[in-house]
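These are the residues of each chain, in order.
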Amino acid sequence: MEIRKTACPYDCPDCCGVLVTVENGRAVKVAGDPEHPFTRGTLCPKMAHYERTVHSSRRLTTPLKRVGGKGEGKFVPVSWAEAIAMIAERWQEIIKREGAEAILPYSYAGTMGTIQYSAGHALFFALGASSLDRTICAPAKGAGYRALMGKTMPTAPQEAQHSDFIMLWSISMLATDIHFKHDVDIARKKGARIICIDTYATKTAQWADEFICVRPGTDGALALGMLHIIARDGLADEAFIDRYVQGWQELKQEILPRYAPTRVAEITGVEAGKLEGLAHAFANARAPFIRLGSGQSRYGNGAMTSRLITCLPAVVGAYKKKGGGLLTSASGSHAFDKDIIRRPDMEKKGVRHINMIKLGEVLTDKSLQPRVKALYVYSSNPACTAPDQNKVLEGLAREDLFTVVHERFLTDTARYADIVLPATTSLEHEDIYYSYGQYVIQRGPKLIPPVGESKSNWQVMQLLAEAMGLKEDFFRQSEEELVERLIASTETAWPLPVDKERLATAEPVALDLPESYKLDFKTPSGKIEILNPKLSPALPDFFPPHLSEDEGEFILINSPDPRILDSSFNEREELVRGNVMTLLLNPADASRHGFREGDRVTAKNRLGEAGFTLKISPSVQEGTVVSEGVWWQEYTQKGNTNRLTSARTTDVGEGSTFYDVRVDLISG
Ligand SMILES: Nc1nc2c(c(=O)[nH]1)N[C@H]1C(S)=C(S)[C@@H](COP(=O)(O)OP(=O)(O)OC[C@H]3O[C@@H](n4cnc5c(=O)[nH]c(N)nc54)[C@H](O)[C@@H]3O)O[C@H]1N2
Ligand SMILES: Nc1nc2c(c(=O)[nH]1)N[C@H]1C(S)=C(S)[C@@H](COP(=O)(O)OP(=O)(O)OC[C@H]3O[C@@H](n4cnc5c(=O)[nH]c(N)nc54)[C@H](O)[C@@H]3O)O[C@H]1N2
Ligand code: SF4
Ligand SMILES: [Mo]
């Protein structure tokens, strides 16, 4: 028996340090690593029994070939050699007849590991396949931040320990970023006030000192209202602005006059008095800290909303104060030269790009030239997690589409595959991890042999490269060699020395941050650019989300469930037991419709319908309904919330707009 270290591989900002007890080639127990500087010895309930995922009886253990109809889930085992030969043969045929762009890879962050996440990029670039734009998460939030801050490093989470006023803005912290609570708790013990801004009273909102309930998609107006009050009452830090900020005068003159508290109250639903209090408390705080989540960015105006919120710390000089700042997504990924594995130089010039959010449309559009004839899915479950699910399923059901799915489980997507390939879990392959919520990096070595015949993403790409006749030496590197190269790359990729020896041992390594990183504004002007002359509009302003133009009585928020992570962990029956498709509805809306607790309802809109069990709760505002979690088909009555979500994209960044959706409710 031995205890080994690794990092949690999932798409979660925490990237926890994990201790794995290995006995006879099996993981028998996992625990949090007390020496991890950010996650400090705890895991979430999902990962507390990761060994149950790793050794689940539902794991895929051999390659499979489809024998039933698409979606039916009937397969027979085949050998790896047969599976790879069948794939290569079909791909060659398609390339000859339709051209390589008829092949589309589709992947996301089933694992966040630097190697396995990007393992397929080079292969598909070399083939000349269509390139996938991986925009399903929150590129709009990044675009909004960059509009003002360029490449400036977002504030480290531990900084919040020294804040006296922490805003948890559209982040479901107790579900999606639980280890940040540790830092918030430290500040709270010293007297800090914790504000949560959300569209319903999440557990995080109930835990905070104050909850500001905002109408979905209107946070940009809320930020403008706060800025209006700060300007009106002379609360801005003019000395800081003179030195570090560009465009405050223009914003004050041209935009802010239109955002008086009464108008903002009409747009956002936040009473004028409450808004005044919030703006004053923020501006008068010694060191305000904003942790900005992604919920507010999943609307048609998402990039602009993030841009407006990013103005707030700038005008009160939060960055010059110990404990002040803004954390959107941490820059930990810059610790490595990711191009070692991503190889953007191998992408063929002018090759077609396809936005992953549009998968349904792309697979069903008969006029697309060339049509997608082969789909290769890994580290993602689009039949469950992509928007406009009815279209996605219609596309996946096409008899003339050759689909390969590399997976750990027989997911909703794998059920539609022609060939299924079994994938390793993070304990069965090599990788190295960074986090988008904090600044610790960690190696994740292979700790146990592969379960069944499963192979890692990188190993499968090597086999496919070989079968497709790709001769580049690049594909011959082992995972260990890639890890070594990535460790060596910290030398030039990160601005300060990184302890490479410690990193090689799989101990968590905290990245040092440059002393004055909070005031080192990496923008063309060297200042925070409230006015950004390169953008149109050059000054930020509020505009409404898509849903303002849609029909439907209720706005549907479909946010994370603490029991699962996107559709990962659905395999764990002990976690998902019980009613999963629950819909929260305000009591006033319920009584107007005559709905009762426990009623079965169908939510409908132009894209589809989904069935829910009602939970009547004052935690949601009138005119909105809330359903948490992205559930596998087998746990739902008529499919999950993505039967209702739209593939429209955000204003900037081509991002997803999952919460920008209206529905009507009918009984039954
Ligand atoms: N347990 C668990 N953890 C997860 C995930 C999961 O599914 N389950 N998913 C992972 C992934 S991929 C990601 S990207 C992160 C996302 O984690 P977060 O950054 O927390 O973002 P969201 O989950 O989109 O939404 C956060 C909150 O925004 C609220 N919200 C929605 N619309 C608005 C709005 O207009 N204004 C405001 N102020 N709030 C709004 C939602 O109600 C929700 O409570 O979490 C990761 N961690
Ligand atoms: N309705 C609604 N839909 C949403 C969201 C929402 O809030 N509401 N959130 C969206 C967001 S933010 C995101 S990021 C997306 C994420 O959506 P997806 O990218 O589909 O993520 P998961 O559902 O976690 O699926 C990841 C799959 O990868 C597999 N996997 C894990 N490790 C490996 C590996 O090493 N190799 C291979 N080949 N497979 C592996 C897992 O078994 C799992 O089935 O979902 C989006 N969908
Ligand atoms: S899913 Fe997130 S909170 Fe849970 S162990 Fe992994 S990194 Fe930590
Ligand atoms: Mo995400």
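## Digging into helix α12 (residues 261-268)
Of all the residues in α12, the buried ones are P261, V264, A265, I267 and T268. For α12, the angular spread of buried residues about the axis comes to 165°, placing them on one side. Opposite the packed face of α12, turned more than 90 degrees from it, sit the exposed residues T262 and E266. Tucked into the core, α12 has its buried residues touching β10 (210-213), α9 (219-232) and α13 (272-284). In the stretch just after α12, G269 is the one whose phi turns positive, near 80°.

## Comments concerning the environment of R215
Along the chain, R215 turns up in the loop between β10 and α9. Sequence separation between R215 and K366 is 151 residues, and the spatial gap between their C-alpha atoms is 39 Å. Excluding its chain neighbours within four sequence positions, the residues that come into contact with R215 are T199, A265, E266, I267, T268, G269 and Q621. A distance of 3.2 Å separates a polar side-chain atom of R215 from the backbone oxygen of I267.

## Concerning empty space enclosed by the protein
Taken as a whole and judged by the stated rule, the model has 1 cavity of 30 Å³ or more. Estimates place the volume of the largest cavity at around 120 Å³. Lining the largest cavity are 17 residues, with C12, D14, C16, C44 and K46 sitting closest to its centre. Class assignment of the residues belonging to the lining of the largest cavity gives a composition of 12 nonpolar, 2 polar and 3 charged. Both domain 1 (2-54) and domain 3 (139-328) contribute no fewer than three residues apiece to the lining of the largest cavity.

## Quick word on the sheet that holds strand β24 (residues 600-605)
The strands making up a sheet associate through hydrogen bonds between their backbones, and the pairing can be parallel or antiparallel. Overall, mixed pairing links the 6 strands, which are arranged β22-β26-β23-β25-β24-β27 in a closed barrel. Pairwise comparison of adjacent strand axes, ignoring direction, gives a mean angle of 45° for this sheet. The pairing of strand β23 (residues 582-585) with strand β26 (residues 624-626) spans 2 bridges and is classified as antiparallel. Bridging from a neighbouring strand, L584 pairs with V626 of β26.

## Re the sheet that holds strand β3 (residues 26-32)
The strand order across the open sheet formed by 3 strands is β1-β2-β3, and the pairing between neighbours is antiparallel. With one partner strand each, in any of the chains shown, β1 (2-7) and β3 form the two edges of the open sheet. Strand-to-strand, the axes of this sheet are offset by a mean angle of 30°, without reference to chain direction. Relative to β3, strand β2 (residues 17-23) runs antiparallel, the two sharing 6 bridges. By the bridge assignment, T21 is partnered in β3 with K29.

## Looking at helix α18 (residues 389-396)
Within the span of α18, buried status applies to Q389, V392, L393, G395 and L396. The buried residues of α18 all sit within an arc of 160° when viewed along its axis, so they share a single face. Tucked inside the fold, the buried residues of α18 contact α16 (359-364), β15 (374-378) and α17 (382-385).

## Overview of the environment of A314
Within the element layout of this structure, A314 appears in helix α14 (residues 302-315). With 140 residues separating them in the primary sequence, A314 and L174 have C-alpha atoms 27 Å apart. Once residues within four sequence positions are removed from consideration, A314 is found in contact with F240, I241, V245, Y319 and I528.

## Side note on the layout of surface pockets
The space that makes up the second largest pocket amounts to roughly 560 Å³. If you trace the second largest pocket, you find 27 residues lining it, with Y200, K203, D561, P562 and E628 closest to the centre. Looking at the lining of the second largest pocket, the elements with two or more residues in it are α6 (173-176), α8 (203-207) and β23. For the lining of the second largest pocket, the element with the most residues is α8, which contributes 3 residues.

## Brief notes about the domain arrangement of the chain
Domain assignment breaks the chain into domain 1 (2-54), domain 2 (64-137 + 347-510), domain 3 (139-328) and domain 4 (546-667). A separation of 37 Å is found between the C-alpha centroids of domain 2 and domain 3. On the domain 3 side, the residues contacting the 8 residues of domain 2 number 9 residues. Regarding the contact of domain 2 and domain 3, the summed buried area is about 660 Å², with carbon and sulfur atoms giving 60% of it. The three residues of domain 2 that bury the most area against domain 3 are C137, G437 and Y439, which together make up 66% of that side's buried surface. Our count for the contact surface shared by domain 2 and domain 3 stands at 0 salt bridges. Counting across the interface, domain 2 meets domain 3 through 2 residue pairs in polar contact (both at pLDDT 80 or more). Residue composition of the side of domain 2 that touches domain 3, by class: 5 nonpolar, 3 polar and no charged.

The rules behind each value
Residues numbered from 1 in each chain as written. Chains lettered and ligands numbered in written order. Predicted model: local features only at pLDDT ≥ 70, side-chain atom pairs only at ≥ 80, totals over all residues. Heavy atoms only, no water. Buried < 20%, exposed > 50% of the residue type's maximum accessible area, 1.4 Å probe, protein only. Helix = DSSP H or I, 4+ residues; strand = E, 2+ residues; numbered from the N terminus. Arc of directions from axis to C-beta. Contact = heavy atoms within 4.5 Å. Polar contact = N/O pair within 3.5 Å; in protein donor to acceptor, adjacent residues only side chain to side chain. 1 Å grid on protein atoms, 1.4 Å probe; cavity = no way out; pocket = protein on both sides within 12 Å on 5 of 7 lines; lining within 4 Å. Points joined across faces, edges and corners; volume = space filled by probe spheres on them. Nonpolar A, V, L, I, M, F, W, Y, C, P; charged D, E, K, R; others polar. Domains from an automatic or database assignment. Pairing = 2+ DSSP bridges. Axes fitted to C-alpha atoms, helices over the stretch in contact; angles between N-to-C directions. Buried area = accessible area lost by both parts, 1.4 Å probe. Salt bridge = Lys/Arg side-chain N within 4 Å of Asp/Glu carboxyl O.

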